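# Fold and geometry: a report
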Amino acid sequence: MPHQPQQTKTCQSCNNSFTIEPEDFEFYEKIGVPEPTFCPECRMIRRMVWRNERTLYSRKCDLCKKQIISIYPENSPYTVYCQKCWWSDNWDPQQYAQDYDFEKPFFEQFGELMRRVPHISVFGSSRVNSEYTNHVLDLKNCYFVFATVFSEEVSYSNRVAKCRDCFDVYMVKESELCSELVNCSKSSNLFYSINCDNCLDSFFLYDCKNCSNCFACTNLRNKQYCIFNKQYTKEEYFKKIYEFNIGSYQNFLKLKEKYSELCKKALYKYANLVNTNNTTGDNIRNANNCHNCFDIFEVENTKYMIWGGYGTKDSYDVYGVGKDNVLFYEDVDAGGGSGSAYANFFTIVTYDSMYTNYVINCHSSSHLFACIGLRNKSYCILNKQYTKEEYFKMVEKIKKHMDNMPYTDKKGRIYKYGEFFPPELSPFAYNETIAQEYFPINKEQAQEQGFKWKDPEPRKYPIDIT
């Protein structure tokens, strides 16, 4: 069958034109969804307003009544359980099940389910002594860490994978004993450095690979005992480092400023692409056939993806996904945790699951449609259990109903089957989410575009540790 030709569409949100390529149509046909009616940027913003990554509040768990840290404030209209309660057997998500009503739009019914089912205080699993974290997996002794996986003894960091004993790092993987790094990997005892790989016992490096015992250097490869890109003997190097006396804060600031001037003269690659083929974007490692992607690694055949890796393939429009994902579309923080994941569309924080549509915080499940908070379940709609035969018949009827009675938001944007959750259903205000970081706007602009806005609350928490 011949591919559909390239088409130019008008985004129903921003009214700008965008292009759908022949390979895009092939992907949409493969997963059985219509082509999007929002442009890539508006689709990205729409996903981001569902991800409150770092706005934390102090509140009580609605089940055990203990004081907890949560992404939902105390006055939130949602029921919120702490991590321990939510993952326990002390409640049943299916007790909140509801019948599908063909007299109401789909997303209106999903909003009702959201107000009924208890929500987890922060997103994450397999956390040990890591309460002040969110959107994480498999952490131990971590503090103020976000969007991070498989790490231990890490603090004040974001987008970290397989690291240990690191402070103040961003986009770092497979490293230890490091601080103040941006986009580095496989390094140890590395400090105040950017875009470095396989470096050891060094300070102030930019774009250095396979270097050790180097200080304030740029663009070096396979070097030792260099200072400001000048070669020294081993004895000269350590003598010079001792003379710098970087234990003095004033000396440290002077060296930092001198390093900054050196970086201005460094060679800069047009994009930070490492071991990639037919790939566009930035900060990408070990990727093949990926386009308009950022901050990804070990990924193949993806488009419009931000932050993720470890085996994601054949996926579009995803943010923060990872570990053996195949055929993902319009997902936020979803994928394989302890296992793999396949064919998940329009999901938020859904791990180790297959064939799910429009689900939030469901795990180790398959064949779910419009569900919240389920674990180890199959063939459920709005958290209600169906037989296999009933499930597939209902899903087809619901998809047709979504097209025949679409949801229309306050700005007149239409949501049929194939569109991600409307932003106005998000439990978070625009300025609580990462959307404000990537696309900053003020309160008036947010409200004009149909987003929620939250004015800052006075934080007068009592001191409980003197």
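Here the structure is shown first, and the text comes after it.
Report follows, based on the coordinates. Remember, it's a predicted structure, so these values are computed and weren't measured experimentally. (Residues numbered from 1 in each chain as written. Predicted model: local features only at pLDDT ≥ 70, side-chain atom pairs only at ≥ 80, totals over all residues. Heavy atoms only, no water.)

Turning our eyes to something else, we now look at a nonpolar patch on the surface. The grouping of Tyr132, Tyr143, Phe144, Tyr156 and Phe167 at the surface amounts to a nonpolar patch, some 460 Å² of accessible area in total. The exposure class assigned to Tyr132 is partly exposed, which follows from its relative accessible area of 33%. (Patch = residues over 30% accessible without salt bridge, like charges linked within 9 Å, V, L, I, M, F, W, Y side chains within 5 Å. Areas by Shrake-Rupley, 256 points an atom, 1.4 Å probe, with all protein chains shown as cover. Salt bridge = Lys/Arg side-chain N within 4 Å of Asp/Glu carboxyl O. Buried < 20%, exposed > 50% of the residue type's maximum accessible area, 1.4 Å probe, protein only.)

What follows covers the pairing of strand β22 (residues 325–335). A large share of β22 lies buried, amounting to ten of its eleven residues. As defined by bridge partners, strand β21 (residues 293–322) adjoins β22 across five bridges and the pair is classed as parallel. Each residue of the ladder has a partner; that of Val318, found in β22, is Asp331. Where β22 meets strand β23 (residues 341–351), eight bridges bridge the pair, whose relative direction is parallel. Considered in β23, the bridge of Asn325 is made with Ala341. (Helix = DSSP H or I, 4+ residues; strand = E, 2+ residues; numbered from the N terminus. Pairing = 2+ DSSP bridges.)

Moving on to the sheet that holds strand β27 (residues 384–385). The mixed open sheet is built from nine strands, whose spatial order is β19-β20-β21-β22-β23-β24-β25-β26-β27. Both outer strands of the open sheet, β19 (273–277) and β27, are each paired with one neighbouring strand and no more. On the sheet, helix α1 (residues 22–31) packs against β21, β22 and β23 and is oriented at approximately 80° with respect to β21. (Contact = heavy atoms within 4.5 Å. Axes fitted to C-alpha atoms, helices over the stretch in contact; angles between N-to-C directions.)

Moving on: the environment of Asn213. Residue position: Asn213 is located in strand β16 (residues 212–218). The exposure class of Asn213 is buried, given its relative accessible area of 13%. Sequence-wise, Asn213 and Cys199 are 14 residues apart; in three dimensions their C-alpha atoms are separated by 8.5 Å. Dropping the residues within four chain positions of it, Asn213 is found in contact with Leu200, Asp201, Ser202, Gln224, Tyr225, Cys226, Tyr237 and Phe238.

To continue, consider the packing of helix α4 (residues 106–116) against helix α7 (residues 388–404). Each pair of packed helices gets described by two things: the angle between the helix axes and the distance between those axes. Two numbers describe how α4 lies on α7: the axes approach to 9 Å, and their chain directions differ by 115°. Judged by the inter-axis angle, α4 sits roughly perpendicular to α7. Note on element contacts: α7 touches α4 through Ile398, His401 and Met402, opposite Phe106, Phe107 and Gln109. Here the contact of α4 with α7 is composed, by residue class, of four nonpolar, two polar and no charged. (Parallel < 35°, antiparallel > 145°, perpendicular 65-115°, else oblique. Nonpolar A, V, L, I, M, F, W, Y, C, P; charged D, E, K, R; others polar.)

Here we come to the nonpolar core. By size, the foremost hydrophobic cluster in this structure holds 88 residues, and its most contacted members are Phe106 and Phe369. Looking at this core, the element that brings in the most residues is β21, giving seven residues. Ranked by size, the runner-up nonpolar core spans 23 residues in total, among them Val169, Cys184, Cys199 and Cys217. (Core = buried A, V, L, I, M, F, W, Y, C linked by side-chain atoms within 4.5 Å.)

Note that strand β11 (residues 149–161) and strand β12 (residues 164–173) share six bridges and pair parallel. Residue pairing across strands places Val154 opposite Cys166, the latter belonging to β12. Pairing of β12 with strand β13 (residues 176–185), which is carried by seven bridges, proceeds in the parallel orientation. By the bridge assignment for β13, Phe167 is matched with Ser179.

Glancing now at the pattern of salt bridges. If you walk through the whole model with that rule in mind, you get 26 salt bridges. Salt-bridge contacts for Lys104 lead to Glu112; the nearest nitrogen and oxygen are separated by 2.9 Å. A relative accessible area of 22% means that Glu112 is categorised as partly exposed. Each of Arg43, Arg46, Arg47, Asp317, Glu330 and Glu419 takes part in a single network of salt bridges with overlapping partners.

Next up on the list: α7. For α7, which comprises 17 residues, the first-to-last C-alpha distance of 25 Å matches the rise-based estimate of 24 Å (1.5 Å per residue) to within 8%. Looking only at α7, the buried set comprises Tyr391, Met394, Val395, Ile398, His401 and Met402. All buried residues of α7 fall inside an arc of 130° around its axis, so they share one side. With respect to the buried face of α7, the exposed residues turned more than 90 degrees away are Glu389, Lys393, Lys400 and Asn404. Residues of α7 that are buried in the fold lie against α4, β24 (354–360), β25 (366–372), β26 (378–381) and β29 (414–415). (Expected span 1.5 Å × (residues − 1). Arc of directions from axis to C-beta.)

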